[in-house]
Amino acid sequence: MRFKNYIIAILFTISLSLSAQETDSVRYPTFKVDGTMKNKFEYASETNMSRFSVRNSRLGIKGYLSNTFAYRGQLELSDNGNFKVLDLYGAFEPLEGMSLSLGQTSIPLFNSYITSPGSIMFANRTFIGKYFLSTRDIGFLADYDFQIGVIPTSIEFGMYNGNTINDPVWREQLSYGARLELGNMKGLRSTFKFYDYLNKPEVHYLFYGADLRYATDNWKVETEFMKRDNKDDNTDKMLSYYLQGAYVFPLKETYYFKHIIPAVRWDAIDKNLDMSGFDINRLTVGLGFGLTEKYFASILRLDYEWYFVKQELDILNLYEEMDSNKFTIELLLTF
């Protein structure tokens, strides 16, 4: 606890110091604080159990040491009560659109809008975002943004220890992956990606998938599939997909809530891959009440999830409430 307090005190002290130095021209180093707080109440109707939780409480810093060297740090003060170090890397930007990052950073497999607490559409993540793999690892990530005609394009390639976060293990062979992104976050966007995850002697998985989304100022729809193959044998596979969408109805500026966002999602996950259908399907409906003018940000959210279980899965059977129908009230604050 003392360590956490030291970190928080240092972040805010530096922030105040640099704010006092601001002028009309850029002065390095630059410094910006961001954060997310995600508090929930859940009721599982099948077991008649309920709980309060602080699902996430994140504090991050980012900025530039010079016009070509950037940095990023992010702490998880409470992930269901656990303290974690998330992002922790430096980046070199030698050319416009190019970034070379070294440290603990994201792997080029997941979209931030289904894994980041501040941008997901529902209180609980999709099956893809929760049960496949950690979203971060320690390693190297190269990212290059450019244009193919009128299409914004990005290519990412990363190499990692292959042991998720906060564990700099020695490896004979590293894990690696790549992603191709076509389009912007507004309008039509699609990505294609793979990740070769090598954590021998325990596992050797190959993940691959694709997604498609379309977004405007006040609505969006997204779909994605992802598959996991076991490279050592023909077992322990996994397949999942989701389809989700939301629409924003703006309210008057004088109202407590700035907009209302109804949302719906269907997602499914399967580990048997026996052509008889997905093991678990889930329907989620939600109604969000925006707290600020920014859409899909700080929000009071009401969700209900229906689970349709054909065959129970070990990853969703750690306790009875995991695949129980649930009602959730969530308060999400971002800054």
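Before reading on, note that the structure itself is shown above.
This structure is a prediction, so every number in the text was calculated from the model and none was measured.

1. Side note on the overall build of the protein
Next up, step 1: A count of helices and strands for the protein gives three helices and 17 strands.
Next up, step 2: When its C-alpha atoms are laid out on the principal axes, the protein stretches across 60 × 60 × 50 Å.
Next up, step 3: Contacts in the protein between residues at least 24 apart in sequence constitute 54% of all its contacts with a sequence separation of at least 6.
Next up, step 4: For the protein, the exposed surface amounts to about 17500 Å²; the carbon and sulfur share of it is 61%.
Next up, step 5: In the protein, 36 side chains carry a positive charge and 41 a negative one; their mean positions are 4 Å apart.

2. Re the pattern of salt bridges
Next up, step 1: Scanning the model with the defined rule gives 26 salt bridges in all.
Next up, step 2: One salt-bridge network, held together by shared partners, links R265, D267, R282, E305 and K326.

3. Digging into the nonpolar core
Next up, step 1: Grouped together as the largest cluster of nonpolar side chains are 27 residues, with contacts concentrated most on F110, Y195, F207, I269 and L316.
Next up, step 2: When contributions to this core are tallied by element, the ones reaching two or more residues are α2 (112-115), α3 (127-131), β9 (187-199), β10 (203-215) and β12 (238-247).
Next up, step 3: In this structure I269 touches F127, Y131, M238, L239, S240, F278, D279, I280, L313, I315 and L316, once residues within four positions along its chain are discounted.

4. Observations regarding the environment of T36
Next up, step 1: Along the chain, T36 falls in strand β1 (residues 32-44).
Next up, step 2: The sequence separation of T36 and D303 amounts to 267 residues, and the corresponding C-alpha distance is 19 Å.
Next up, step 3: Setting aside chain neighbours within four positions, we find T36 in contact with N56, S57, R58, P117, G118, L332, L333, T334 and F335.

5. Overview of a nonpolar patch on the surface
Next up, step 1: There is a patch of nonpolar side chains on the surface, built from L188, L212, Y214, W219, V221, L243, Y247 and F249 and spanning about 730 Å² of accessible area.
Next up, step 2: Secondary-structure elements contributing two or more residues to the nonpolar patch are β10, β11 (219-230) and β12.
Next up, step 3: A residue is classified by how much of its surface remains accessible, and L212, at 42% relative accessible area, is partly exposed.

6. A word on the pairing of strand β8 (residues 175-183)
Next up, step 1: As paired strands, strand β7 (residues 151-160) and β8 are joined by eight bridges and run antiparallel to one another. Bridged to G158 within β8 is G177.
Next up, step 2: As defined by bridge partners, β8 adjoins β9 across eight bridges and the pair is classed as antiparallel. Opposite R179, over in β9, you have K193 as the bridge partner.
Next up, step 3: In this structure, the hairpin formed by β8 and β9 is closed by a connection of three residues.

7. Remarks on the environment of E305
Next up, step 1: In this fold, E305 is placed in strand β16 (residues 299-309).
Next up, step 2: Classification of E305 as buried rests on a relative accessible area of 2%.
Next up, step 3: Ignoring sequence-local partners within four residues, the contact set of E305 consists of N124, R265, R282, L283, T284, N325 and K326.
Next up, step 4: Here Y307 takes part through its side chain, which lies 3.4 Å from a polar atom of the side chain of E305.

8. Topic: the packing of aromatic side chains
Next up, step 1: With the rule as written, the count across this model stands at 16 aromatic pairs.
Next up, step 2: Relative to F52, the ring of F41 lies with its centre 4.8 Å away and its plane at 45°, an arrangement referred to as tilted. Of this pair, F41 sits in strand β1 while F52 sits in strand β2 (residues 49-64), placing them eleven residues apart in sequence.
Next up, step 3: Given the relative accessible area of 23%, F41 is considered partly exposed.
Next up, step 4: With relative accessibility at 71%, the residue F52 sits in the exposed group.

9. A closer look at the pairing of strand β5 (residues 98-106)
Next up, step 1: Two strands pair when backbone bridges link them, and strand β4 (residues 82-92) and β5 are joined in this way by five bridges, in the antiparallel orientation. By the bridge assignment for β5, L88 is matched with Q104.
Next up, step 2: Connecting β4 to the antiparallel partner β5 that follows it, the hairpin turn spans five residues, and G97 within it adopts a positive phi of roughly 90°.
Next up, step 3: Alignment of β5 against strand β6 (residues 136-148), held across nine bridges, turns out to be antiparallel. By the bridge assignment for β6, S99 is matched with D143.

Rules and cut-offs
Residues numbered from 1 in each chain as written. Predicted model: local features only at pLDDT ≥ 70, side-chain atom pairs only at ≥ 80, totals over all residues. Heavy atoms only, no water. Helix = DSSP H or I, 4+ residues; strand = E, 2+ residues; numbered from the N terminus. Contact = heavy atoms within 4.5 Å. Areas by Shrake-Rupley, 256 points an atom, 1.4 Å probe, with all protein chains shown as cover. Lys, Arg positive; Asp, Glu negative; His and termini not counted. Charge placed at Lys NZ, Arg CZ, Asp CG, Glu CD. Salt bridge = Lys/Arg side-chain N within 4 Å of Asp/Glu carboxyl O. Core = buried A, V, L, I, M, F, W, Y, C linked by side-chain atoms within 4.5 Å. Buried < 20%, exposed > 50% of the residue type's maximum accessible area, 1.4 Å probe, protein only. Patch = residues over 30% accessible without salt bridge, like charges linked within 9 Å, V, L, I, M, F, W, Y side chains within 5 Å. Pairing = 2+ DSSP bridges. Polar contact = N/O pair within 3.5 Å; in protein donor to acceptor, adjacent residues only side chain to side chain. Phe/Tyr/Trp six-rings, centres within 6.5 Å; stacked < 30°, edge-to-face > 60°.

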